[in-house]
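Below, each chain spelled out in residue letters.
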Amino acid sequence: QVELVESGGGLVQAGGSLRLSCAASGFTFSSAHMGWFRQAPGKEREFVAGITGSGTYTFYADSVKGRIIISRDNAKNTMYLEMNSLKPEDTAIYYCARRKLTIMGWRSENVDWGQGTQVTVSS
């Protein structure tokens, strides 16, 4: 069965940095399109970043572009999200995600989710 386990969240001051990790198992990680999403209280879950199986292509939401780097280590079945220059508005639960079929996009029925890790940025 697919399992995605996030770690690395915590409390950080504005302007600080965090590195989130997602340990994956139960599928062929190296061929999977992966991504990070986040959800703040009272807000809808939103796309943060995506990365193709080989890591050749990456995609970022405009709100985090230039401050966040998504990467992966296929030998370790692990995906990372390096977050810098953090802002209070980055406060949210961050979720690791696996897209099943590329043609179906990021529809909820086409996505496997981790349990999430809390990131809190204080001002």
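Report on the accompanying structure.

Reading the values: rules and limits
Residues numbered from 1 in each chain as written. Predicted model: local features only at pLDDT ≥ 70, side-chain atom pairs only at ≥ 80, totals over all residues. Heavy atoms only, no water. Helix = DSSP H or I, 4+ residues; strand = E, 2+ residues; numbered from the N terminus. Rg over C-alpha atoms; globule rule 2.2 N^0.38 Å. Buried < 20%, exposed > 50% of the residue type's maximum accessible area, 1.4 Å probe, protein only. Contact = heavy atoms within 4.5 Å. Areas by Shrake-Rupley, 256 points an atom, 1.4 Å probe, with all protein chains shown as cover. Lys, Arg positive; Asp, Glu negative; His and termini not counted. Charge placed at Lys NZ, Arg CZ, Asp CG, Glu CD. Core = buried A, V, L, I, M, F, W, Y, C linked by side-chain atoms within 4.5 Å. Disulfide = S-S within 2.5 Å. Pairing = 2+ DSSP bridges. Axes fitted to C-alpha atoms, helices over the stretch in contact; angles between N-to-C directions.

## Points about the overall build of the chain
- Check the secondary structure of the chain and you find zero helices and 11 strands.
- The helix and strand sequence of the chain, counted from the amino end, reads β-β-β-β-β-β-β-β-β-β-β.
- Against the globule reference of 14 Å for 123 residues, the chain gives a C-alpha radius of gyration of 14 Å, in line with a compact fold.
- In terms of overall dimensions, the chain has C-alpha extents of about 40 × 30 × 25 Å along its principal axes.
- Taken across its 123 residues, the chain has 42% of its residues classed as buried.
- In the chain, 54% of the contacts between residues at least 6 apart in sequence involve partners at least 24 apart.
- Put simply, the chain shows about 6,600 Å² of open surface, and 48% of that area lies on carbon and sulfur atoms.
- Side chains of the chain carry 13 positive and 11 negative charges; the gap between the two charge centres is 3 Å.

## So, the nonpolar core
- If you look at the biggest cluster of nonpolar residues, it comprises 27 residues, and the most contacted ones within it are Met34, Trp36, Val48, Met79, Leu81, Met83 and Tyr94.
- Secondary structure elements with two or more residues in this core: β3 (18-25), β4 (33-39), β5 (46-51), β7 (68-73), β8 (78-83), β9 (92-99) and β11 (117-122).
- A per-element tally of this core places β3 first, with four residues.
- What Met79 contacts, discounting residues up to four positions off in sequence, is Leu20, Ser21, Cys22, Phe29, Met34, Gly35, Trp36, Ile51, Ile70, Ser71, Arg72 and Cys96.

## A look at the state of the cysteines
- Inspection of the entire model under this criterion finds one disulfide.
- The side chain of Cys22 participates in a disulfide bridge whose partner is Cys96; the two sulfur atoms lie 1.9 Å from each other. Between Cys22 and Cys96, the disulfide has an S-S torsion of -70 degrees and is therefore left-handed. You can see Cys22 sitting in strand β3 and its partner Cys96 sitting in strand β9, a full 74 residues away along the chain.
- Its relative accessible area of 0% is what places Cys96 among the buried residues.

## Quick look at the sheet that holds strand β1 (residues 3-7)
- The strand order across the open sheet formed by four strands is β1-β3-β8-β7, and the pairing between neighbours is antiparallel. Of all strands in the sheet, those bounded by a partner on one side alone are β1 and β7. For this sheet the average axis-to-axis angle between neighbouring strands, irrespective of direction, equals 15 degrees.

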